[in-house]
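One letter stands for each residue in the lines below.
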Amino acid sequence: MINEQLQKKIEQSIRLLQSVQKRYDEEIELAYSGGKDSDVILQLAKEAGIRYRAIYKNTTIDPPGTIAHVKEMGVEILRPKKNFFQLIAKKGFPSRFSRFCCEALKEYKVLDKNIIGVRKAESRARKERYNEPTECRYFGAKKEENHVEQIYPILEWTDEDVRDFILDRGLKLAPLYYDTGGQIDVTRRLGCMCCPLASRRKRLIEFQKHPRIAKAYLRAGQKFLDTHPDLPTVSRYDNVYEWFTRDVFYANNKDWEKVNGTLFGKPDYKTFLEGQFGIDLTI
């Protein structure tokens, strides 16, 4: 199952992991998300014989079964000071241009070196963004205490490489990766549920599949509106249902204005959302 090309990649990955540990007593963070690539780098770290600290940074909105899988893999769980919905109540809805949730829940320093399961094959953006197997990064201001060396041992691995390695090593994955027949589907990706960085279609499907998340969004958004009366968002929308509809269903203001500025007045957005998600959204 492991062909010659993949075997070379495995050996290169292991040599990379061994090379970045300069001292035997040095502990390296292994950024574990619960996803398939995290399971691969965790196995590689074990085979490399390095000292690592596998850490799962709990975003509080990961798919069902993720926490159970993390615990089963023996990974340490770090819980945030504020959960995702508490952040919304304080800062409003996150977006592609306001990724405060990532900064607070995932992108912070723990140790000086960090192993991450980034792969170029995941997207065109990652192929363009990542060029070297290691790089330096600062979390926050460019100060020494914020500096991290990031290591990407499977940067050049394809989906097929990941699948074959998982099958060869007999790795168990999070529930998300198995289809109804119990077969592994490595094209699936584990990430925050209803993430604003996902495609609009995928995000909407997740809200429809997990409508209670939509209700939690609305409840947190209402708290933000109540506590920030002087911000433009409050005057721009009549209520949190209108704000949420604009955020989830419309890609730009031009399309939004077509439905929101008719001669017949504004739609009842609460009723619209309840029709979309199939639950009572009274908050």
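Residues numbered from 1 in each chain as written. Predicted model: local features only at pLDDT ≥ 70, side-chain atom pairs only at ≥ 80, totals over all residues. Heavy atoms only, no water.

**Some words on helix H4 (residues 84-91)**
Those residues of H4 that fall on the buried side of the exposure criterion are Phe 84, Phe 85, Leu 87, Ile 88 and Ala 89. You can read the cap of H4 off the contacts: a side-chain oxygen lies 3.0 Å from the backbone nitrogen of Phe 85, and it is on Asn 83. Taken from the residues just after H4, Gly 92 is the one with a positive phi, measuring 95°. (Buried < 20%, exposed > 50% of the residue type's maximum accessible area, 1.4 Å probe, protein only. Helix = DSSP H or I, 4+ residues; strand = E, 2+ residues; numbered from the N terminus. Polar contact = N/O pair within 3.5 Å; in protein donor to acceptor, adjacent residues only side chain to side chain.)

**Some remarks on the nonpolar core**
Grouped together as the largest cluster of nonpolar side chains are 36 residues, with contacts concentrated most on Phe 84, Phe 85, Phe 207, Tyr 217, Phe 244, Leu 273 and Phe 277. The set of elements that each furnish at least two residues to this core consists of H4, helix H5 (100-105), helix H8 (200-209), helix H9 (211-227), helix H11 (240-249) and helix H13 (269-277). With 8 residues, H9 is the largest single contributor of residues to this core. If near-sequence neighbours (up to four positions away) are discounted, Phe 207 is found in contact with Cys 194, Ile 213, Ala 214, Tyr 217, Phe 244, Val 248 and Phe 277. By size, the runner-up hydrophobic cluster in this structure holds 34 residues, among which are Ile 10, Ala 48, Phe 165 and Tyr 177. (Core = buried A, V, L, I, M, F, W, Y, C linked by side-chain atoms within 4.5 Å. Contact = heavy atoms within 4.5 Å.)

**Considering the layout of surface pockets**
The volume enclosed by the second largest pocket comes to roughly 530 Å³. Elements supplying a minimum of two residues to the lining of the second largest pocket: H8, helix H10 (232-236), H11 and helix H12 (253-260). If one sorts the elements of the lining of the second largest pocket by residue count, H11 sits on top with 3 residues. Of the residues assigned to the lining of the second largest pocket, the class counts are 11 nonpolar, 6 polar and 7 charged. (1 Å grid on protein atoms, 1.4 Å probe; cavity = no way out; pocket = protein on both sides within 12 Å on 5 of 7 lines; lining within 4 Å. Points joined across faces, edges and corners; volume = space filled by probe spheres on them. Nonpolar A, V, L, I, M, F, W, Y, C, P; charged D, E, K, R; others polar.)

**Observations concerning H11**
Burial of H11 is extensive: 10 of the 10 residues sit out of reach of the surface. By the burial criterion, the buried members of H11 are Val 240, Tyr 241, Glu 242, Trp 243, Phe 244, Thr 245, Arg 246, Asp 247, Val 248 and Phe 249. Along its buried surface, H11 packs onto H8, H9, H10, H12 and H13. One side-chain oxygen at the N-terminal end of H11 lies 3.1 Å from the backbone nitrogen of Tyr 241; it belongs to Asn 239.

**Remarks on unusual backbone geometry**
Note on backbone geometry: most residues besides glycine have negative phi, and most peptide bonds are trans. Positive phi, normally seen in glycine, also occurs at Thr 60, with a value near 75°. Following the sequence through the fold, Thr 60 ends up in the loop between strand S2 (52-57) and helix H3 (66-72).

**A word on the environment of Gly 191**
Structurally, the position occupied by Gly 191 is in the loop between helix H7 (159-169) and H8. Residue class for Gly 191 comes out partly exposed when judged on its relative accessible area of 31%. Along the backbone, Gly 191 and Ile 154 are 37 residues apart, and their C-alpha atoms lie at a distance of 18 Å. Look past the residues within four positions of Gly 191 in its chain and what remains in contact with it is Ile 61, Asp 62 and Pro 63.

**A few points about the pairing of S2**
Here 4 bridges tie strand S1 (residues 28-31) to S2, and the two strands are oriented parallel to one another. Its bridge partner lying in S2, Glu 29 is registered against Arg 53. What joins S1 to S2 is helix H2 (residues 36-48), and the crossover it makes is right-handed. Examined bridge by bridge, S2 and strand S3 (residues 76-78) share 3 bridges and lie parallel to one another. Paired with Lys 57 across the strands is Leu 78, a residue of S3. (Pairing = 2+ DSSP bridges. Right-handed = clockwise from strand over helix to strand, strands pointing away.)

**Comments concerning the sheet that holds strand S6 (residues 147-151)**
Read across the open sheet, the 6 strands follow the order S3-S2-S1-S4-S6-S5; overall the sheet is mixed. Edge positions in the open sheet fall to S3 and strand S5 (134-138), since each of these has one partner strand only. Each adjacent strand pair in this sheet contributes to an overall mean axis angle of 35°, direction not counted. The sheet strands contacting helix H1 (residues 4-20) are S1, strand S4 (113-115), S5 and S6, and the helix crosses S6 at an angle near 155°. (Axes fitted to C-alpha atoms, helices over the stretch in contact; angles between N-to-C directions.)

**Concerning the packing of H1 against H2**
Packing of H1 against H2 brings their axes to within 9 Å, and their N-to-C directions diverge by 70°. As far as their axial angle goes, H2 and H1 are roughly perpendicular. Considering how the two elements wind past one another, H1 and H2 form a crossing that is right-handed. Residue-level inspection shows Ile 10, Ser 13, Ile 14, Leu 17 and Gln 18 of H1 in contact with H2, the latter providing Leu 44, Ala 45, Glu 47 and Ala 48. Here the contact of H1 with H2 is composed, by residue class, of 6 nonpolar, 2 polar and 1 charged. (Parallel < 35°, antiparallel > 145°, perpendicular 65-115°, else oblique. Left-handed = near helix turned anticlockwise from the far one by under 90°.)

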